[in-house]
Every structure is written in structure tokens, then in C-alpha cells.
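Architecture at a glance
Here is how the chains run, residue by residue.
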Amino acid sequence: MLDMSGPSQAFLAAGQLLGGYPIEYCSFREEIVDSSGLRLSGLKHYTAVDLQAGDLLFLPGYQSQVLLADKDNPEWEGVYAWLRHEAAKGVRLCAVCSGAFLLARAGLLTGRFCTTHWSLIAAMRKEFPALDIRDDILFTEDGNLYTSAGISSGIDLALHLLDADQGSLFAHKISRELVVYFRRSDRHSQDSVYLSYRNHLHRGIHELQDWLIENLSRRATIDQMAEMVNMSSRNLTRTFKLQTGISINRYITLLRVELAGNLRYSPGITMRDIAGRCGFANERQLQRIMKSKNSLYK
């Protein structure tokens, strides 16, 4: 159930903020019973779902003993053909846990890299010896095909997709809504500063961090920031360091450096423009800090 409900809740929260991400549920049967005994009925047949390029199709896993015993069931052939058709259209297919077996049996993972639940890695390698199956990884992305390690990593994959579609700050807001920490795949060398230093539950500090991210060109004093979150200046300074592990000034500098690094790839923008948008006093300060940015992360 968590394979399905985890990503569903992430996109439900995203839809409530954006007014988008409509969610539909489908199956090859009108009624199914999940591994915990929960009965789902009134399900739309998968062939009745109208998907477009860029849409997301999540495939939750199912019980391993059924998975391995059911591989030759002709009932699945229509599903495999449908998955191939949707993938060719550009639909993003996202397998959670043993759902990766469905993509593999449909022939979609040939020449791609993938993963599944750790307990099924050996079985998957035995059934599909030619596949590049990764272990010790939360999820994989190869073109429009995604696989994840299962259970809670389906949420990680959903957050990764929201990050790609809506940006890191938005994905972080959803992870806060779900009260989970935004873990990136190990394909990423380091977390974005927008996501780092956020693994805490202090509402006031989160609110201040959000404000700082969205107002880097403005210069606010510690007293002004403390007033925003109804704290004394001294308490804010102490609490921020306790919750995030770094000082407010260092956090602001890291935000400015990351934004400056991103803006450098924007066509037609000058160093003066970047310095102004990031809140640096001038171009010289920007250049000096960018040269020493590696030391900021130590």
C-alpha cells in the first residue's frame, strides 16, 4: 500500500499548492486486494486512461511470492503491451519496488539501468541477467523510465520528480508537508543548499529559510529577521545554529553562492546583474566569494 499511497500523497500535496497533478487509479481488474488485505474497488481499466507525453505512470510493487509465480500469466500480456505503448508516447513510467519487474518483463529495461527492493535484487538478476541492475541506490532515472528500491523510496522518487518539474524549493515544501527528509539519489554528488540544513521541524526557522531563499537581493538585519519569526535576536541566532548546524550569515552566503552559480548559465546576464540579484555588495565581492566557495562547505 505504501508503494502506491506514498507517491500519491506527495502529488496530492503538490496539486493542492499548484492546482494541478490530477490523480487517477487504474488496474487490469475492477477490484484488487492489496497485500495487507485492503480491498480496492471501482478501479478504471488501464486502457481507459488517457495519458500524454510527460505524464507520470506509477507502478507499485506486489507480493514477491505472487510476483515470481505469476510471471507467465497471460493476463499480463496486455499490460506489457500497454506499457510499451505509453513509454513510446513519452509517458514517464515510474516503478516502485517490485514494479520494476513489470517494466523488465515488458522489455523496457533492456539497455537501461534499474533497481528494485534489496530482497529481490538476486531474483531480478536471475530472471534478467542482461540488465544493469543497481543495488544500494534509492532510485534510478534512465530517459523516461524510473525505478526505485521500494516502500518509502517511492516517496523519494516522487520528490525527485517534483524537484525536476517545479524546483528544489517546491520539492522541499512538499517533503515538509509529508514530514520526511528529502533524500536525493546517490547519482547526485551533493545536495542543493536549498535542501540542505532543512532536516529539522522548527517551523519558525523553516519560515525564515524560505524567506531568505526568496529575498536574497534584500538585506535584512538580525533584528528584522528575528521580528519575522517572533523571536529575540539572541534566541534566533542560537536556535538557527542549533537546528541547522550553521550560522545565519553562513547560510545566507551559501544561498547566494548557489544562486550565483545557477545564474551564470543564463544568457545575456552580466556579473553586475548576478551580484545585484544575489545580494552581494558589488562584483568584486561576488568574485572573491565564488573563488573561495569550496571552503564554505567545510
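As a starting point, this report considers the structure included with it. (Residues numbered from 1 in each chain as written. Predicted model: local features only at pLDDT ≥ 70, side-chain atom pairs only at ≥ 80, totals over all residues. Heavy atoms only, no water.)

**Topic: unusual backbone geometry**
Phi at Cys97 is positive, roughly 60 degrees, even though this residue is not glycine. Its relative accessible area of 8% is what places Cys97 among the buried residues. One non-glycine residue, Asn230, adopts positive backbone phi at about 55 degrees. One can find Asn230 in the loop between helix H9 (222–228) and helix H10 (233–244). Residue classification places Asn230 among the exposed positions, given a relative accessible area of 72%. (Buried < 20%, exposed > 50% of the residue type's maximum accessible area, 1.4 Å probe, protein only. Helix = DSSP H or I, 4+ residues; strand = E, 2+ residues; numbered from the N terminus.)

**Some points on the environment of Pro129**
Take Pro129: it is sitting in the loop between helix H5 (121–127) and strand E8 (132–133). Expressed as a C-alpha distance, the spacing of Pro129 and Glu141, which sit 12 residues apart in the sequence, is 20 Å.

**Focus on the side chain of Arg256**
Residue position: Arg256 is located in helix H11 (residues 248–263). Among the polar contacts listed, one links the side chain of Arg256 to the backbone oxygen of Leu216, at a separation of 3.5 Å. If we skip the residues at most four places from it in the chain, Arg256 touches Leu216, Arg218, Arg219, Cys278, Gly279 and Phe280. (Polar contact = N/O pair within 3.5 Å; in protein donor to acceptor, adjacent residues only side chain to side chain. Contact = heavy atoms within 4.5 Å.)

**Here's the deal with helix H12 (residues 271–278)**
One turn of an α-helix holds 3.6 residues; hence residues three or four places apart share an orientation. Taken as a whole, H12 has its buried residues at Ile274, Ala275 and Cys278. Buried positions in H12, seen along its axis, are confined to an arc of 100 degrees and lie on one side of it. Positive backbone phi, at 85 degrees, marks Gly279, one or two positions downstream of H12. (Arc of directions from axis to C-beta.)

**Brief notes about the environment of Ser41**
Summarising the element assignment, Ser41 is placed in the loop between strand E3 (39–40) and strand E4 (44–45). Beyond its immediate chain neighbours, meaning those up to four positions away, Ser41 contacts Glu30 and Glu31.

**A word on the nonpolar core**
Counting residues in hydrophobic clusters, the biggest one holds 32 residues, and the most contacted among them are Leu212, Leu236, Tyr251 and Leu255. Where this core is concerned, the elements lending two or more residues are helix H8 (203–214), H9, H10, H11, H12 and helix H13 (283–291). Broken down by element, the residue count for this core peaks at 9 residues, all from H11. Setting aside residues up to four positions removed in sequence, Tyr251 forms contacts with Val193, Ser196, Tyr197, Arg198, Gln209, Leu212, Ile213, Phe240 and Ile246. Of all hydrophobic cores here, the second largest spans 31 residues; its members include Leu57, Leu83, Ala104 and Leu131. (Core = buried A, V, L, I, M, F, W, Y, C linked by side-chain atoms within 4.5 Å.)

**Remarks on the sheet that holds strand E10 (residues 145–148)**
The strand order across the open sheet built from 4 strands is E5-E6-E10-E9, with neighbouring strands paired in mixed fashion. Taken across any chain shown, the strands that pair with only one partner, and hence form the sheet edges, are strand E5 (56–59) and strand E9 (139–142). Going from strand to strand, the sheet's axes swing by 15 degrees on average, the running direction of each strand aside. With 4 bridges connecting them, E9 and E10 associate as antiparallel partners. Within the sheet, the bridge partner assigned to Glu141 lies in E10 and is Tyr146. (Pairing = 2+ DSSP bridges. Axes fitted to C-alpha atoms, helices over the stretch in contact; angles between N-to-C directions.)

**Description of helix H1 (residues 2–18)**
Look at H1: 24 Å from first C-alpha to last across 17 residues, which is about the 24 Å you get at 1.5 Å a residue. All buried positions along H1 are accounted for by Asp3, Gly6, Pro7, Ser8, Ala10, Phe11, Ala13, Ala14 and Gly15. On its buried face, H1 sits against E5, strand E6 (92–96), helix H6 (153–166) and helix H7 (168–178). Trailing H1 by a residue or two, Gly19 shows a phi angle of about 75 degrees, which is positive. (Expected span 1.5 Å × (residues − 1).)

**Quick look at the packing of H7 against H8**
Across the interface, H7 lies against H8 with an axial gap of 12 Å and an inter-helix angle of 170 degrees. The angle between H7 and H8 falls in the class roughly antiparallel. Where H7 approaches H8, its residues Leu169, His172, Lys173 and Arg176 are matched on the opposing element by His206, Asp210, Ile213 and Glu214. Here the residues of the contact of H7 with H8 sort into 2 nonpolar, 2 polar and 4 charged. (Parallel < 35°, antiparallel > 145°, perpendicular 65-115°, else oblique. Nonpolar A, V, L, I, M, F, W, Y, C, P; charged D, E, K, R; others polar.)

**Points about the packing of H1 against H7**
Direction vectors running N to C along H1 and H7 enclose 120 degrees, while the axes themselves pass 10 Å from each other. In terms of axis orientation, H1 runs oblique to H7. Two packed elements cross with a definite hand, and for H1 against H7 that hand is right-handed. Counted together, Gln9, Ala10, Ala13, Ala14, Leu17 and Leu18 of H1 and Phe170, Ile174, Glu177 and Leu178 of H7 form the full contact between these two elements. Here the residues of the contact of H1 with H7 are counted per class, giving 8 nonpolar, 1 polar and 1 charged. (Left-handed = near helix turned anticlockwise from the far one by under 90°.)

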